[in-house]
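Here is what each chain is made of, one letter per residue.
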Amino acid sequence: MRPVPTADRPSVTVVIPCYNYGRYLPDAVESALSQDGVEVEVIVVDDASTDGSAAVAWRLASMDRRITVVHHERNQGHIATYNDGLSRAGGRYVTLLSADDLIAPGALSRAAALMEAHPRVGMVYGLPKDFTDQPPPVPLHERTTWTVWGGMNWIGLACARGRNFILSPEVVMRTAAVLDIGAYSAALPHSGDLEYWLRAAARWDVGRINGRVQAFYRVHGANMHQTEFAAAAVDLRHRLDAFRVLEDPRFPCSPEKRAKQLQRAKRALSKEAVQLGFKEITGGGSAEAATELRKFIECLHDVPGNIHRANALQARITQVSRGKKPGTGRAAAHYLHSQLDRVRWRVWAMTGIS
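A short tour of the structure in this document, coming up.

About the thresholds
Residues numbered from 1 in each chain as written. Predicted model: local features only at pLDDT ≥ 70, side-chain atom pairs only at ≥ 80, totals over all residues. Heavy atoms only, no water. Buried < 20%, exposed > 50% of the residue type's maximum accessible area, 1.4 Å probe, protein only. Helix = DSSP H or I, 4+ residues; strand = E, 2+ residues; numbered from the N terminus. Contact = heavy atoms within 4.5 Å. Axes fitted to C-alpha atoms, helices over the stretch in contact; angles between N-to-C directions. Parallel < 35°, antiparallel > 145°, perpendicular 65-115°, else oblique. Left-handed = near helix turned anticlockwise from the far one by under 90°. Nonpolar A, V, L, I, M, F, W, Y, C, P; charged D, E, K, R; others polar. Salt bridge = Lys/Arg side-chain N within 4 Å of Asp/Glu carboxyl O.

1. Details of helix α3 (residues 78-87)
Link 1 in the chain: Residues I79, T81, N83, D84, G85 and L86 constitute the buried set of α3.
Link 2 in the chain: Where α3 is buried, its residues meet β1 (11-18), β2 (39-46), β3 (67-71), β4 (93-96) and α6 (175-181).

Set out below in structure tokens:
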């Protein structure tokens, strides 16, 4: 649908959790304060940084009354820091921005306009762009459209793919929805965001800004997903843990629907695991990594076809351990999957779903 402009300047709280990212903090804060069409307040939550981040935050706050600084005397971890910041949000809308990421120009007003026009939408996301040193230039007049899903429909799409369609900095939420959903789960340090989006979509509709870039995601060696949770099998297990929120009887849909959606997610995860396993072993990677993926497939014993998938992957691992190279059929399948991944990436960039 076509965007509709807002009639006023809605208030948005930008929560910036920070741990040893003082060198990036000024740019993150500036990307929030420079947003047009909205009234912005910034809450920097420093989680007992050791690099002087708190001093940087207080210096910034001394120059702009819209900035508030919360300093933890001891390190509490990123989940507790998220929850602390979100609990202090005073705006009509709120976004959680890591101190090393940036909000794209105009992103907050675009997200707020969608939620102003659609009161049942509790969460809006859009296209994030990766960058290393400087964010890439983006078109200023690119055509923008909106998409709105019923929350349970969006959950069905996420389960069918077993994926988290969202990086994180591109999300803007209705503060009333955050209060309704509750806190991030401390039991899910890696996939807590996916579990949170699922809980949000269970109670609220989901919107997306199509076309315009909504956030910039900085890629560097200290990213959590690159340091703590790099292995594919570990990532799949954490995603499975997030989808297990569907087992919670408090999840607002029938037990039958919850069981069906969880089964869809398990099937998608197992299929992805076998593809990753074949890709690892066919591409000359680690047999140990492929074996961990096989073990993940085996743990989903209630998914139809998983015994066959695990056995097929193990057979390939055994062949490679004996020095046998993949045949033309396997090489062709590997090429086909790589092309499908390219298509899925393009679809995700355009629609937010892949």
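After that view of the structure, there is still more to cover.
2. Some remarks on the packing of helix α7 (residues 192-203) against helix α9 (residues 232-243)
Link 1 in the chain: The geometry of α7 relative to α9 is characterised by a closest axis approach of 8 Å and an angle of 25° between their N-to-C directions. With respect to their mutual orientation, α7 and α9 come out roughly parallel. When the axes of α7 and α9 are compared, the crossing they make is right-handed. Note on element contacts: α9 touches α7 through R239, A242 and F243, opposite L194, E195 and L198.
Link 2 in the chain: Of the residues that constitute the contact of α7 with α9, the class distribution is four nonpolar, no polar and two charged.

3. Examining the pattern of salt bridges
Link 1 in the chain: All told, the structure shown has 17 salt bridges when counted by the stated rule.
Link 2 in the chain: The closest approach of N and O atoms between K266 and D302, which form a salt bridge, is 3.1 Å. Here the residue K266 occupies a position in helix α10 (residues 255-282), and D302 occupies one in the loop between α11 (287-299) and α12 (306-321), the gap between them amounting to 36 residues.
Link 3 in the chain: Residue classification places K266 among the buried residues on the basis of a relative accessible area of 8%.
Link 4 in the chain: For D302, a relative accessible area of 37% puts it in the partly exposed group.
Link 5 in the chain: Here R344 makes a salt bridge to D341, at a shortest N to O gap of 3.3 Å. With R344 and D341 both in helix α13 (residues 328-351), this residue pair falls three residues apart, about one helical turn.
Link 6 in the chain: Judged by relative accessible area, which is 25%, R344 ranks as partly exposed.

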